[in-house]
Amino acid sequence: MTDLDLSADAADLLEQLVDIESVSKNEQRIADAVQAALLPLTHLTVTRHGNTVVARTDLGHPERVVIAGHLDTVPVNDNLPAVRDQAEGTDVLRGLGTCDMKGGVAVMLKIAAGVPAPNRDLTFLFYESEEIETEFNGLFLLAQSDPDLLRADFAILMEPSDAVIEAGCQGTLRVDVIARGERAHSARSWKGVNAIHRAGEILDRLNAYQARMPVIDGLEYHEGLNAVFVNGGVAGNVLPDVCTVSINFRFAPDRSEAEAAAYVKELFAGFECEITDSAPGALPGLDRPAAKEFVEAVGGEVNPKFGWTDVARFSALGVPAVNFGPGDPMLAHKQEEFVPLEQVYRCEAVLRTWLGA
């Protein structure tokens, strides 16, 4: 058992968390530590669901807010233990998970311990396996087994966002667009049809694509449609009869998954399209009272979220959600990952103020 000192400075607590290796599917040790640290807090009801730890207040407030953060990281890349350093003149902590997203988890633990009488009821979700397939994701599993634990008026996902609000998120769809031809010996190519050559039309349509940039709740999203894999070929002397272009479509949250799929199929009419993966986006929901007050507490700055995050899981349950956490999302999963300590302190201070502490 590794002890976590919730009375420690947020940066010190973050260093403790980072030094507990917790690659996806190996979160038991960190989940044990989080659970052990929270159990003595009498204002919280703490439960365990696999390697997901849930802590809730029950103060009878008319409004409940979920604050969520994942405990797992991507695999170690010679970036443990954590190291104190400086970057561009500011104090930072370097190491696996500092940015994505143990900085946010440290803030959650400080709020859970240090705000025993918040002005809203709170549900803290410290969840497992966000970095891998959905079937292992702690929020996904809770939605199946205990959906009431995810219900709230508003949710904050402590994903790195440079300590400003990133609202909603774009959806993502993957599709295989298939060009077919006819095999033939390359010495007698006129006897066949080269599927790779036919796939040139798919690439031409991608090159001609004009990104849609809808404005939703005052935020401008930017869709993207890109080839990410091309697969074709049989042998060095054979015309291929199949060429597959795998495409990723990042679509704005005002489109449903069905609308996104229909758009892609129409764009590539004349070719076979096989949808291989899809996840919905999440609308910002900034018109909700709790969201409005949180935006004011942060200072009014809100950016759109271009990537996909678990805010979409809350949106699917009718819970508006935003991303708000310390760290630059561009550093997530990098070996040189770090988080500015000033952002950790800022996120903690904003949440304390918003919660009336």
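Structure shown above.
Description of the structure in this document. (Residues numbered from 1 in each chain as written. Predicted model: local features only at pLDDT ≥ 70, side-chain atom pairs only at ≥ 80, totals over all residues. Heavy atoms only, no water.)

1. Some remarks on the overall build of the protein chain
The condition that has to hold: Only DSSP runs of H or I covering at least 4 residues are called helices, and only runs of E covering at least 2 are called strands; the numbering of each starts at the N terminus. Buried residues are those whose accessible area, probed at 1.4 Å on protein chains only, stays under 20% of the maximum for their type, while exposed residues exceed 50% and partly exposed ones sit between those limits. The contact definition used throughout considers only heavy atoms, calling two residues in contact when any of these lie within 4.5 Å. Positive: Lys, Arg. Negative: Asp, Glu. His and the chain ends are not part of the count. Working definition for charges: the position is that of NZ of Lys, CZ of Arg, CG of Asp or CD of Glu.
Assigned secondary structure in the protein chain consists of ten helices and 19 strands. Taking all 357 residues of the protein chain together, the buried fraction comes to 53%. Within the protein chain, counting contacts between residues at least 6 apart in sequence, those at least 24 apart form 76% of the total. Taking the average place of the 29 positive charges on the side chains of the protein chain and the average place of its 54 negative ones, the gap between the two points comes to 6 Å.

2. A look at the packing of helix α8 (residues 289-298) against helix α10 (residues 341-354)
Defined as follows: In this analysis an axis means a line fitted to C-alpha atoms, helices contributing only their contacting stretch, and an angle means the value between N-to-C directions, from 0 to 180 degrees. Angle categories: roughly parallel below 35 degrees, roughly antiparallel above 145, roughly perpendicular from 65 to 115, and oblique for all the rest. In this scheme, a crossing is called left-handed if the near helix is turned counterclockwise away from the far one by less than a right angle; it is called right-handed if the turn is clockwise.
Contact pair α8 / α10: the axes reach a minimum separation of 9 Å and the direction vectors enclose 130 degrees. Regarding the angle of α8 to α10, the classification is oblique. When you trace α8 past α10, the crossing you get is right-handed. Residues Ala290, Glu293, Phe294, Ala297 and Val298 of α8 pack against Val350, Leu351 and Trp354 of α10.

3. Let's talk about the pairing of strand β2 (residues 52-56)
Cut-off, in case you're wondering: Pairing between two strands requires that DSSP report at least two bridges joining them.
For β2, the tally of buried residues reaches four of five residues, placing the bulk of the element in the interior. Note that strand β1 (residues 45-49) and β2 share five bridges and pair antiparallel. What sits directly across from valine 46, in β2, is alanine 55. In the sheet, β2 pairs with strand β6 (residues 121-127) via four bridges, with the strands oriented antiparallel. From the neighbouring strand, alanine 55 faces β6, where its bridge partner is phenylalanine 124.

4. Notes on the sheet that holds β1
Pairing is mixed in the open sheet, where eight strands are placed in the order β1-β2-β6-β3-β7-β18-β8-β17. The open sheet has two edge strands, β1 and β17 (302-304), and neither has a second partner. Neighbour-to-neighbour, the strand axes of this sheet turn through a mean angle of 25 degrees, independent of strand direction. Two elements, strand β3 (residues 64-70) and strand β7 (residues 154-157), share four bridges in a ladder whose sense is parallel. Opposite valine 65, over in β7, you have phenylalanine 154 as the bridge partner. Those strands touched by helix α2 (residues 28-38) are β1, β2 and β6, and its axis lies near 165 degrees from that of β1.

5. Considering the pattern of salt bridges
Heads up, the condition is: A carboxyl oxygen of Asp or Glu within 4 Å of a side-chain nitrogen of Lys or Arg is what we treat as a salt bridge.
Applying the stated criterion across every chain, the model contains 18 salt bridges. Between glutamate 15 and arginine 84 there is a salt bridge, and its shortest N-O distance comes to 3.1 Å. Note that glutamate 15 is positioned in helix α1 (residues 10-18) and arginine 84 in strand β4 (residues 83-87), a separation of 69 residues in sequence. On the accessibility criterion, glutamate 15 (24% relative accessible area) is partly exposed. With its nearest N and O atoms 2.4 Å apart, the salt bridge here joins aspartate 254 to arginine 212. Note that aspartate 254 is positioned in the loop between β15 (242-251) and α7 (257-267) and arginine 212 in the loop between α6 (200-208) and β11 (215-216), a separation of 42 residues in sequence. A relative accessible area of 29% means that arginine 212 is categorised as partly exposed. Via salt bridges that share partners, Arg212, Glu223, Asp254 and Arg255 belong to a single interconnected network.

6. Let's talk about the pairing of β15
Counting buried positions over the ten residues of β15 gives eight, a clear majority of the element. Where strand β13 (residues 224-232) lies against β15, eight bridges are found, and the strand directions are antiparallel. Paired with alanine 227 across the strands is isoleucine 247, a residue of β15.

7. As for the nonpolar core
Defined as follows: As used here, the term nonpolar core means buried Ala, Val, Leu, Ile, Met, Phe, Trp, Tyr and Cys residues forming a set that is joined through side-chain atoms within 4.5 Å.
Within the largest apolar cluster, 64 residues are counted, with the highest numbers of intra-cluster contacts made by Leu4, Leu38, Leu109, Phe124, Phe126, Ile156 and Phe294. Among the elements that take part in this core, helix α3 (residues 98-114) stands out by supplying eight residues, more than any other. What leucine 38 contacts, discounting residues up to four positions off in sequence, is Leu6, Leu44, Val46, Val53, Ala55, Leu109, Ala112 and Phe126. Within the second largest apolar cluster, 21 residues are counted, among which are Leu206, Leu225, Val245 and Ile247.

8. Things to note about the packing of aromatic side chains
We apply this condition: The aromatic pairing rule takes the rings of Phe, Tyr and Trp, using the six-membered ring of Trp, and pairs them if the centres are within 6.5 Å, calling planes under 30 degrees apart stacked, those over 60 edge-to-face and the rest tilted.
In total, this model carries seven aromatic pairs according to the counting rule given. The interplanar angle of 80 degrees and the centroid separation of 6.1 Å between the aromatic rings of phenylalanine 154 and tryptophan 354 together place this pair among those described as edge-to-face. You can see phenylalanine 154 sitting in strand β7 and its partner tryptophan 354 sitting in helix α10, a full 200 residues away along the chain. For tryptophan 354, a relative accessible area of 5% puts it in the buried group. Plain terms: the ring middles of phenylalanine 294 and tryptophan 354 are 4.8 Å apart, the flat faces sit at 65 degrees to each other, and that makes the pair edge-to-face.

9. Quick look at the sheet that holds strand β9 (residues 171-180)
Here we have four strands laid out as an open sheet, ordered β13-β15-β9-β16, and antiparallel in their pairing. The open sheet has two edge strands with one neighbour each: β13 and β16 (272-279). Across the sheet, the mean angle from the axis of one strand to that of its neighbour is 20 degrees, orientation sign disregarded. The strands that α6 touches are β9, β13 and β15; relative to β15, the one it contacts most, it runs at about 20 degrees.

10. Points about unusual backbone geometry
Omega for the bond connecting leucine 80 with proline 81 falls within 30 degrees of zero, at 0 degrees, which places this linkage in the cis form. For proline 81, the location among the structural elements is in the loop between β3 and β4. Aspartate 100 connects to methionine 101 through a cis peptide bond whose omega is -10 degrees. Relative to the helices and strands, methionine 101 is located in helix α3. The backbone of lysine 25 shows a phi angle near 80 degrees, a positive value even though the residue is not glycine. Relative to the helices and strands, lysine 25 resides in the loop between α1 and α2. Among the residues examined, lysine 25 registers a relative accessible area of 54% and is labelled exposed. If you check the backbone angles, glutamate 88 has positive phi at about 50 degrees while not being a glycine. Relative to the assigned elements, glutamate 88 resides in the loop between β4 and β5 (90-94).

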